[in-house]
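Per-entry structural report
Given next are the chains, with one letter for each unit.
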There are 2 protein chains.
Amino acid sequence: MGRKKLARLDGIDDALRVGPEPGAFDLAGMDRAATPCVKDAATAAELRPLLGDELADLQERLYAEGRTDGTRSVLLVVQGLDTAGKGGIVRHVAGMMDPQGLAIRSFGVPTPEEREHDFLWRIRRALPAPGRIGVFDRSHYEDVLVARVKELVAPEVWEARYDEIVAFERDLVAAGTTIVKVALMVSRDEQYKRLAARLDRPDKLWKYNPSDVDTRLQWDEYQAAYQAVLDRTSIPEAPWYVIPADSKDYARLAVTKLLLDALRSLDLGWPTPDYDVDVEKARLAKTR
Amino acid sequence: MGRKKLARLDGIDDALRVGPEPGAFDLAGMDRAATPCVKDAATAAELRPLLGDELADLQERLYAEGRTDGTRSVLLVVQGLDTAGKGGIVRHVAGMMDPQGLAIRSFGVPTPEEREHDFLWRIRRALPAPGRIGVFDRSHYEDVLVARVKELVAPEVWEARYDEIVAFERDLVAAGTTIVKVALMVSRDEQYKRLAARLDRPDKLWKYNPSDVDTRLQWDEYQAAYQAVLDRTSIPEAPWYVIPADSKDYARLAVTKLLLDALRSLDLGWPTPDYDVDVEKARLAKTR
């Protein structure tokens, strides 16, 4: 069951990856209800659990490597507007793995302390240690998204940040971090439905914030800001993946698969022990 | 299915809790293969998933409370000798919840920076924020366990720590943290089997450390140190639970149930919004 469907899923990297040349991807033209490489949302829901065992196994190998002398790590950067499903990615994709090996960090409005530093300061402090899988719910990209749209800094400041981000990520990759950047994209209609649903359910009211409507009123400006991010920061070492996210099941499957691909590319074995196994077996046997 | 078995499980708090009076619990006399309040290990494995939905729901309520004006949090302290199954608790019990709401921290040998401070310094820095469930894989109790057995500090130093820990935990509880302390206890034979298994499997070798045998050679000293912890730090505000851990399935179920009981005791609702729902519905409707 599912082997053929899983094989088709192998095309997802090519289908969702944004090329490095400016204009390689047209955000306005994408179908946000599409399910590339998967028949439909129901199929996506059925396929994701099938990836769980391999994901958990590779995570454990990475963790084991980090516990010995490894330096490698993985960083999943999750971006998207309100209601795009970022929290669901953390819960359902990161939730498939051992929480001990995760380093989850969500980036909100900068604190006074964070504001005293360069915009990458708080990011650097939150990077995953060797062996860990870091998950950023929002990230340094907010500094060229909300900062640009809401004019929190002067244009020449955010303008310079694209190159700073590219340089920062290149260093990170060179130091052993595999970066997976996903931008979850919901349609304007779907965002409406999800915000309305939050206002209709007592158990969802806490997820709603009046600023969500303010942000929605600047839909076009945010889309332009996202387009600039895709144009200027999708480098071969750390490309962007744009995820059609009107279907939560599809988005979760897509991110799971991209993370799995990243782990597979590390060719993870098991660490060689730094002790003599036979000597230890003998020592242990004496304590029987 | 399982309703009767689940009802029996409600007795687990009374069955595993250590009373506050010294000598209330005899560690040497306990059966570490027992499965109190559960028929057997197979039944335990079958029951745990049945607690998942309520656990996740209450965790979300706590998280929501923390995102508004809540100050409450939960702290699960997991102690136990090597191979007792601490990592499995983190993976399988914490793994039942949304990783976003967890604050997991494992405490190893203190770093040079940590050593420059009081033994509670690193603990204070790792406490869960409001709304979070903290999980400590080892904890400040190592400072009266390994520190006592290996004579890392003078006897008068570790001797004073029991009272310091009690005072610290009382403050923590008063400030809104519900503490659940579990000591996982495996038998000497079971520890042998688990260590031998690690040395037999290439994918487990990284979990073995030669110091595990050193620790095993001091079995009696560690048991005495654990007995002292139970005698002197099982206060009514933050009692110890001693978990028979020869069955991993039983230990995981028991900890899940104790954590669930702690969350239930908080009587968690959903936060009242600090905005006017009708006003927001109208604002949103205009953006359709």
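Residues numbered from 1 in each chain as written. Chains lettered and ligands numbered in written order. Predicted model: local features only at pLDDT ≥ 70, side-chain atom pairs only at ≥ 80, totals over all residues. Heavy atoms only, no water.

The name given to chain A in an unreviewed UniProt entry is Polyphosphate kinase 2 family protein, with the source organism recorded as Flavimobilis rhizosphaerae.

**Here we look at the overall build of chain A**
Selection criterion: Each helix is a run of DSSP H or I of at least 4 residues and each strand a run of E of at least 2, with the numbering of both proceeding from the N terminus. Two things to know: the radius of gyration comes from C-alpha atoms, and the globule rule equals 2.2 Å times the number of residues to the power 0.38. Any residue under 20% of the maximum accessible area for its type is buried, any over 50% is exposed, and the rest in between are partly exposed; the area is computed with a 1.4 Å probe on protein chains only.
Scanning chain A from terminus to terminus reveals 14 helices and five strands. Compactness check: chain A gives a C-alpha radius of gyration of 21 Å against a globular reference of 19 Å for 288 residues, within 12% of the reference. The principal-axis extents of the C-alpha atoms in chain A amount to approximately 70 × 50 × 45 Å. When burial is assessed residue by residue, chain A has 53% of its 288 residues classed as buried.

**Some remarks on the packing of helix α9 (residues 155–174) of chain A against helix α12 (residues 219–233) of chain A**
The geometry of a pair of packed helices is captured by two quantities: the angle between their axes and the separation between those axes. Residues and elements named next belong to chain A. Basically, it comes down to this: Geometry is summarised by axes, namely lines fitted to C-alpha atoms with helices restricted to the contacting stretch, and by angles between N-to-C directions that run from 0 to 180 degrees. Angles are sorted into four bins: roughly parallel if under 35 degrees, roughly antiparallel if over 145, roughly perpendicular if 65 to 115, and oblique for all others. What makes a crossing left-handed is the near helix being turned counterclockwise from the far one by less than a right angle; a clockwise turn instead makes it right-handed. Two residues qualify as a contact provided that any one of their heavy atoms is within 4.5 Å of a heavy atom in the partner residue. Amino acid classes used here: Ala, Val, Leu, Ile, Met, Phe, Trp, Tyr, Cys and Pro are nonpolar; Asp, Glu, Lys and Arg are charged; the rest, including Gly, are polar.
Between α9 and α12, the least distance of the axes is 10 Å, while the angle of their chain directions is 45 degrees. When the interaxial angle is binned, α9 and α12 end up oblique. The crossing of α9 and α12 is right-handed. Note on element contacts: α12 touches α9 through Ala 228, Val 229, Arg 232 and Thr 233, opposite Glu 159, Tyr 162, Ile 165, Val 166 and Glu 169. Looking at the contact of α9 with α12 residue by residue, the class counts come to five nonpolar, one polar and three charged.

**Concerning the interface of chain B and chain A**
Which entries qualify depends on this criterion: The term buried area refers to how much accessible surface (probe radius 1.4 Å) is lost by two components on association, counted for both of them together. A pair is scored as a salt bridge if a Lys or Arg side-chain nitrogen falls within 4 Å of a carboxyl oxygen belonging to Asp or Glu.
Contacts between the two partners involve 46 residues from chain B and, on the opposite side, 46 residues from chain A. Approximately 4300 Å² of surface area, both sides summed, lies buried where chain B meets chain A, with 63% of it carried by carbon and sulfur atoms. A per-residue breakdown of the area chain B buries against chain A is headed by B:Tyr192, B:Trp206 and B:Leu284, which together make up 18% of the total. Where chain B packs against chain A, one counts ten salt bridges. For A:Arg283, the salt bridge identified is with B:Asp214, shortest N-O distance 2.5 Å. Secondary structure elements with two or more residues in the side of chain B that touches chain A: α4 (52–67), α5 (86–92), β2 (102–106), α10 (188–200), α11 (211–217) and α14 (277–285) of chain B.

**A word on the packing of aromatic side chains**
Residues and elements named next belong to chain A. Which entries qualify depends on this criterion: Working definition: rings of Phe, Tyr and Trp (its six-membered ring) pair if their centres are within 6.5 Å, and the pair is stacked with planes under 30 degrees apart, edge-to-face with planes over 60 apart, and tilted otherwise.
For the coordinates displayed, the defined rule picks out ten aromatic pairs over all chains. Taking 6.4 Å as the distance between ring centres and 85 degrees as the angle between the ring planes, the aromatic pair formed by Trp 158 and Tyr 162 counts as edge-to-face. Of this pair, Trp 158 and Tyr 162 both sit in helix α9, four residues apart, which is roughly one turn of the helix. Since its relative accessible area comes to 14%, Trp 158 is described here as buried.

**Looking at the environment of B:Val182**
Residue and element names in this part refer to chain B. Within the secondary structure, Val 182 sits in strand β4 (residues 177–185). Taking the relative accessible area as the measure of exposure, Val 182 reaches 0% and is therefore buried. For the pair Val 182 and Ile 243, spaced 61 residues apart in sequence, the C-alpha separation works out to 6.6 Å.

**Some words on the packing of helix α10 (residues 188–200) of chain A against α14(B)**
For the pair α10(A) and α14(B), the least separation of the axes is 10 Å and the interaxial angle reads 165 degrees. Regarding the angle of α10(A) to α14(B), the classification is roughly antiparallel. In this structure, α10(A) crosses over α14(B), and the sense of that crossing is left-handed. Facing A:Tyr192, A:Leu195, A:Ala196, A:Leu199 and A:Asp200 of α10(A), the residues of α14(B) in contact are B:Val277, B:Glu280, B:Lys281, B:Leu284 and B:Ala285. Taken together, the residues of the contact of α10(A) with α14(B) sort by class into seven nonpolar, no polar and three charged.

**Things to note about the pattern of salt bridges**
For side chains bearing opposite charge, pairing can occur when the charged atoms are close. Residues and elements named next belong to chain B. Applying the stated criterion across every chain, the model contains 52 salt bridges over all chains. The closest approach of N and O atoms between Asp 10 and Arg 264, which form a salt bridge, is 3.8 Å. You can see Asp 10 sitting in the loop between α1 (3–9) and α2 (12–16) and its partner Arg 264 sitting in helix α13 (residues 248–265), a full 254 residues away along the chain. The class of Arg 264 is partly exposed, set by a relative accessible area of 38%.

**Looking at the pairing of strand β3 (residues 133–137) of chain B**
Residues and elements named next belong to chain B. The cut-off we apply is this: Being paired, for any two strands, means DSSP has found at least two bridges between them.
The element β3 is extensively covered by neighbouring structure, given that five of its five residues are classed as buried. Of the two faces of β3, the one lined by Ile 133, Val 135 and Asp 137 and the one lined by Gly 134 and Phe 136 are each fully buried. Where β2 meets β3, five bridges bridge the pair, whose relative direction is parallel. Bridging from a neighbouring strand, Ser 106 pairs with Asp 137 of β3.

**Remarks on the environment of A:Asn209**
Positionally, A:Asn209 belongs in the loop between α10 and α11 (211–217). Given the relative accessible area of 38%, A:Asn209 is considered partly exposed.

**Remarks on the relation of the copies chain B and chain A**
Where we set the bar: The copies were overlaid by least squares, fitting only the C-alpha atoms of residues that reach a pLDDT of 70 or more in each copy.
Between the two copies, chain B and chain A, the superposition gives an RMSD of 0.0 Å; the rotation angle is 180 degrees and the shift along the axis is 0.0 Å. On this basis, the relationship between the two copies can be described by a two-fold rotation axis. When the interface residues of chain B are mapped onto chain A, 100% of them again fall at the interface, so both copies present the same face.

**Structural notes on the sheet that holds β3(B)**
Residue and element names in this part refer to chain B. One open sheet accounts for five strands, arranged β2-β3-β1-β4-β5; its pairing is parallel. Pairing within the sheet leaves two strands with one partner each, and these edge strands are β2 and β5 (240–244). When the angles between neighbouring strand axes are averaged without regard to direction, this sheet yields 20 degrees. With five bridges connecting them, β4 and β5 associate as parallel partners. Paired with Val 182 across the bridge in β5 is Tyr 241.

**So, helix α13 (residues 248–265) of chain A**
Residues and elements named next belong to chain A. Selection criterion: In this scheme, a helix's expected span is set at 1.5 Å multiplied by one less than its residue total. Counting of polar contacts relies on pairs of N or O atoms within 3.5 Å, with two restrictions inside protein: one atom must be capable of donating a hydrogen and the other of accepting it, and residues adjacent in sequence are counted only when both atoms are side-chain atoms.
The terminal C-alpha atoms of α13 lie 26 Å apart, and with 18 residues this matches the ideal 26 Å at 1.5 Å per residue to within 8%. Most of α13 is tucked away, with 14 of its 18 residues classed as buried. Residue Ser 247 occupies the N-cap position of α13, its side-chain oxygen lying 3.4 Å from the main-chain nitrogen of Asp 249. Downstream of α13 by a residue or two, Asp 267 has a phi angle that is positive, lying close to 50 degrees.

**Focus on the sheet that holds strand β1 (residues 73–80) of chain A**
Strands in a sheet are paired, the pairing made by backbone hydrogen bonds, and the direction either parallel or antiparallel. All names here are of chain A. The strand order β2-β3-β1-β4-β5 describes an open sheet built from five strands, whose pairing is parallel. Each edge of the sheet is formed by a strand with only one pairing partner; in this case those strands are β2 (102–106) and β5 (240–244). Taken pair by pair, the neighbouring strands of this sheet meet at an average axis angle of 20 degrees, ignoring direction.

**With respect to the environment of B:Asp57**
Of note, B:Asp57 is situated in helix α4. Within the structure, B:Asp57 has its side chain in polar contact with the side chain of B:Arg61 (distance 3.0 Å).

**As for the side chain of B:Glu280**
Within the secondary structure, B:Glu280 sits in helix α14. When neighbours within four sequence positions are excluded, B:Glu280 is seen to be in contact with A:Leu199, A:Tyr208, A:Pro210, A:Val213 and B:Tyr275.

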